[in-house]
Amino acid sequence: MDIDAGDSPWGDVPSQSAGNRGDSKSDAEQNPNSSPQLSQPTSSTPRSPVRRVPRGTRKISAQATKLEAVDDTFDPLGPLGDKAGESTPATNEQAPTPPQKESAGQNARPTSSASQTPSASGMMSSIEEEGPPFRGPPPVQPPSEPDGFKRQSEPSISVEKAAHPTFAITVGDPHKVGDLTSSHIVYQVRTKTTSKAYRQPEFTVSHRYRDFLWLYNSMHNNNPGVVVPPPPEKQAVGRFDTNFVESRRAALERMLNKIAAHPILQHDSDLKIFLESESFTLDVKNKENREPDLGQSKGMFSSFGISVGGGGKFVEHDDWFHDRKIYLDALENQLKALMKAIDTVAAQRKGLAEAAGDFSASLHSLAAVELSPALSSPLDGLSDLQLRIRELYERQAQQDVLTLGITIDEYLRLIGSIKTAFSQRQKAFHSWHTAESEMQKRKNTQEKLLRQGKTQQDRLNQVNADVADAERKVHQARLLFEDMGRLMRNELQRFEKEKVEDFKSGVETFLESAVEAQKELIELWETFLLQLDAGEEGNPFYATPAPAGPAADGNPETPPPTAAEEQA
């Protein structure tokens, strides 16, 4: 009977497991000192969880029966079973989030140990080892998931900002350096950027004009098919003139800001060298020594092992590119005519300024010989007015060139950059067909060797390798030509969009400067007219010149009597 009672909780008969377990439980609680009968089940408790874990279905049914049988008669086991039973449906009602999966696992361990251990002392020891029962997830864990999403969203914003950094570049402080034989203008290039590729967010370097020209050529070689904003053209005569230096400075500043705003060009390594390097000449030489093959007409083509040549005459087969070339030619002619008209208007304003200066000098001379102060003072006032009008005309002529004229000149040079991109696409087309012809020659050689048989196996293997290499070059050249075409489509669309915005801004600035100049001119004439009217009423605005009649009498401090004083 002792052996049967001890083995009944682990028996194979399902009908006896619940009843025997209940009997052993009741005997253990009524006679806690009966150790000879309970020693064997207690000693076998460490093996019972190992056997019973795989049999999950019977374990769950035994747990439900155990909780109903115990009820709340026994203090140690009753509250434990109630809490375990209460926590289990609580976890089932909640959403299956990751923290609640852990709580379900923790709830299962104390209930399974209570259902499998027939001894009360073994149950208490297991409870003390595992700690207090888990009562559901703490209130801090449910909002932890949105916090995690917030922490993930912040790096995504920073990555997006890093992929599209902002640049604010100013070109200023032009000053002449060098002696008579090597004199040139040096500009200070100040940069503010959010890009993490640079050591500091703000830095300043010095550059001359040929450095900007190097940047333009390097950008074209590194990025075939991209429309690179060009620098202003060279000028041998008058390159130290103040107006020319200012117009060149503004054009260089616009060039750098457009390059830095381009989504492809802003990540170019040569731009980083240009903006950041304090030893620019040395860094350029080191770069040329590291990459000696990157010449003026190479770049991406040489990186693929593709020969770059002019080839024969290029016939455009794409209607879209054909229409764009015709449009660009017409646009270039129209912009040249508009630039010529702007130069004519500026020259006429300068002529008006010179005429106003001559008129002022004549009036001043007439006022000097006039004996009557009532006439000499208005003549001097009109002479001063013409000097201010001359300054206004000169400033307006300069504004016409710096507002609308610099925009026209910039887009004439941009059209030249687009034509350079077209020529690069043409070179890519010729490289593609040159690679195809080379591949065809190698295939013909391969066919001849195959017809001859296996007598020249080594040479055949070499020819097969050459054919495979030629096919690879043809594939790369074709992909390069197609990618360049897609890139140029995007670049031309970007060109059209920026052209509309820049010309709209340039025309608005041109009109605003013209309106302000006319307002200032009207104000000058109205002020002079008011002064004349006040002079007729006996309150002259003009002081009597020193060489007038009272000065000849030896009393320069006494002004001449006015008409009102004479009547008084």
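Residues numbered from 1 in each chain as written. Predicted model: local features only at pLDDT ≥ 70, side-chain atom pairs only at ≥ 80, totals over all residues. Heavy atoms only, no water.

If you check an unreviewed UniProt entry, the protein appears there as Vacuolar protein sorting-associated protein 5 from Aspergillus tanneri. What UniProt states about the protein under its Sequence similarities (unreviewed entry) heading is, verbatim, "Belongs to the sorting nexin family." (UniProt positions renumbered as here; feature names shortened; annotations may be inferred.)

On the basis of which strands lie adjacent, the open sheet formed by three strands has the order 1-2-3 and antiparallel pairing. In this open sheet, the two edge strands, each paired with only one partner strand, are strand 1 (167-177) and strand 3 (202-208). Within this sheet the neighbouring strands show an average axis-to-axis angle of 20°, counted without direction. Alignment of strand 1 against strand 2 (residues 184-193), held across nine bridges, turns out to be antiparallel. Within the sheet, the bridge partner assigned to His-175 lies in strand 2 and is Val-186. Relative to the sheet, helix 10 (residues 209-222) contacts strand 2 and strand 3, its axis offset from that of strand 3 by approximately 105°. (Pairing = 2+ DSSP bridges. Helix = DSSP H or I, 4+ residues; strand = E, 2+ residues; numbered from the N terminus. Axes fitted to C-alpha atoms, helices over the stretch in contact; angles between N-to-C directions. Contact = heavy atoms within 4.5 Å.)

Turning to the layout of surface pockets, a few remarks are in order. For the largest pocket, the calculated volume is near 690 Å³. What lines the largest pocket is a set of 24 residues, among which Gln-235, Asn-243, Phe-244, Ser-247 and Val-401 lie closest to the centre. Secondary-structure elements contributing two or more residues to the lining of the largest pocket are helix 11 (242-261), helix 15 (319-369) and helix 16 (373-452). Across the lining of the largest pocket, the residue classes tally to 10 nonpolar, five polar and nine charged. Shared between two domains, the lining of the largest pocket holds at least three residues of each, these being domain 1 (164-278) and domain 2 (403-534). (1 Å grid on protein atoms, 1.4 Å probe; cavity = no way out; pocket = protein on both sides within 12 Å on 5 of 7 lines; lining within 4 Å. Points joined across faces, edges and corners; volume = space filled by probe spheres on them. Nonpolar A, V, L, I, M, F, W, Y, C, P; charged D, E, K, R; others polar. Domains from an automatic or database assignment.)

Membership of the largest hydrophobic core comes to 34 residues, with the highest contact counts inside it found for Leu-335, Ile-408, Ile-418, Phe-422 and Phe-495. Listed by contribution, the elements that provide at least two residues to this core are helix 15, helix 16 and helix 17 (457-536). Aside from chain neighbours lying at most four places away, what touches Phe-495 is Leu-328, Leu-331, Tyr-411, Leu-414, Ile-415 and Ile-418. One finds Ile-169, Val-171, Met-219 and Val-226 within the second-largest nonpolar core, a separate group that totals 29 residues. (Core = buried A, V, L, I, M, F, W, Y, C linked by side-chain atoms within 4.5 Å. Buried < 20%, exposed > 50% of the residue type's maximum accessible area, 1.4 Å probe, protein only.)

Counting buried positions along strand 2 gives eight out of 10 residues, so the element sits mostly inside the fold. Counting the residues in the hairpin turn of strand 1 and strand 2 gives six residues, including Gly-178, whose phi is positive at 95°. For strand 2 and strand 3, the ladder comprises seven bridges, and the chain directions are antiparallel. Bridging from a neighbouring strand, Lys-192 pairs with Glu-202 of strand 3.

Among the secondary structure elements, Arg-349 is positioned in helix 15. Residue contacts for Arg-349: discarding those within four places in its chain leaves Tyr-393, Gln-396, Ala-397 and Asp-400.

Let us now look at the pattern of salt bridges. The tally for this structure, following the rule as stated, stands at 26 salt bridges. We note a salt bridge from Arg-249 to Glu-246, for which the minimum N-O separation is 3.0 Å. Of this pair, Arg-249 and Glu-246 are both found in helix 11, three residues apart, which corresponds to roughly one turn of the helix. For Lys-272, the salt bridge is made with Glu-276, and the minimal N-O distance between the two is 2.7 Å. Within this pair, Lys-272 and its partner Glu-276 are both found in helix 12 (residues 269-276), separated by four residues, close to a single helical turn. Owing to a relative accessible area of 29%, Lys-272 belongs among the partly exposed residues under this scheme. (Salt bridge = Lys/Arg side-chain N within 4 Å of Asp/Glu carboxyl O.)

Bringing unusual backbone geometry into the picture now. Even without being glycine, Asp-173 reaches a positive phi, approximately 50°. With respect to the element layout, Asp-173 can be found in strand 1. For Asp-173, a relative accessible area of 43% puts it in the partly exposed group.

For the rest of this paragraph, the subject is the packing of aromatic side chains. Tallied over the full model, the rule gives 13 aromatic pairs. Ring geometry for Tyr-411 versus Phe-495: centroids 5.5 Å apart, planes at 50°, classification tilted. On the criterion of sequence distance, the pair formed by Tyr-411 in helix 16 and Phe-495 in helix 17 is long-range, its members being 84 residues apart. Both residues of the pair, Tyr-411 and Phe-495, belong to the buried class. Above the plane of the ring of Phe-240 lies Lys-176, whose end atom (NZ or CZ) is 4.3 Å from the centre. Over the aromatic face of Tyr-209 sits the side chain of Arg-248, whose NZ or CZ is 4.0 Å from the ring centroid. (Phe/Tyr/Trp six-rings, centres within 6.5 Å; stacked < 30°, edge-to-face > 60°. Lys NZ or Arg CZ within 6 Å of the ring centre and 35° of its normal.)

Moving on to helix 16. For helix 16, which comprises 80 residues, the first-to-last C-alpha distance of 117 Å matches the rise-based estimate of 118 Å (1.5 Å per residue) to within 8%. At Gly-405, helix 16 is bent by approximately 45°, the largest bend along its length. Backbone geometry just downstream of helix 16 places Gly-453 in the positive-phi region, at approximately 105°. (Expected span 1.5 Å × (residues − 1). Bend = angle between axes of the 7 residues up to and from the residue.)

Our focus in this paragraph is the environment of Lys-272. Once the C-alpha coordinates of Lys-272 and Tyr-198 are considered, the two residues, 74 residues apart in sequence, prove to be 7.4 Å apart. Beyond its immediate chain neighbours, meaning those up to four positions away, Lys-272 contacts Ala-197, Tyr-198 and Ser-277.

The next point concerns the packing of helix 12 against helix 13 (residues 280-290). The interhelical angle for the contact between helix 12 and helix 13, taken along N-to-C directions, is 155°, at an axis separation of 9 Å. Compared by their axis directions, helix 12 and helix 13 come out roughly antiparallel. Considering how the two elements wind past one another, helix 12 and helix 13 form a crossing that is right-handed. Within the contact between the two elements, helix 12 uses Asp-270, Ile-273 and Phe-274 and helix 13 uses Phe-280, Asp-283 and Lys-287. (Parallel < 35°, antiparallel > 145°, perpendicular 65-115°, else oblique. Left-handed = near helix turned anticlockwise from the far one by under 90°.)

Per the stated rule, a full pass over the model turns up two cavities of 30 Å³ or more. Considering only enclosed or pocket space, the largest cavity measures out at about 130 Å³ in volume. For the largest cavity, the full set of lining residues is Val-227, Pro-229, Lys-258, His-262, Tyr-411, Leu-414, Glu-491, Arg-494, Phe-495 and Glu-498. For the lining of the largest cavity, the secondary structure elements donating two or more residues are helix 16 and helix 17.

Taken together, the side chains of Glu-354, Asp-358, Glu-391 and Glu-394 present a region of like negative charge at the surface. For the negative patch, the secondary-structure elements that each account for two or more residues are helix 15 and helix 16. In this structure, Glu-391 sits in helix 16. (Patch = residues over 30% accessible without salt bridge, like charges linked within 9 Å, V, L, I, M, F, W, Y side chains within 5 Å. Areas by Shrake-Rupley, 256 points an atom, 1.4 Å probe, with all protein chains shown as cover. Lys, Arg positive; Asp, Glu negative; His and termini not counted. Charge placed at Lys NZ, Arg CZ, Asp CG, Glu CD.)

Once that is clear, we can look at the packing of helix 11 against helix 16. Following both chains from N to C, one finds helix 11 and helix 16 inclined at 45°, their axes separated by 11 Å at the closest point. Comparing their axes, helix 16 and helix 11 come out oblique. As for how helix 11 packs across helix 16, the hand of that crossing is right-handed. On the side of helix 11, the interface is formed by Asn-243, Glu-246, Ser-247, Ala-250, Ala-251, Arg-254 and Lys-258, while helix 16 contributes Gln-398, Leu-402, Ile-406, Thr-407, Glu-410, Tyr-411 and Arg-413. Here the residues of the contact of helix 11 with helix 16 sort into five nonpolar, four polar and five charged.

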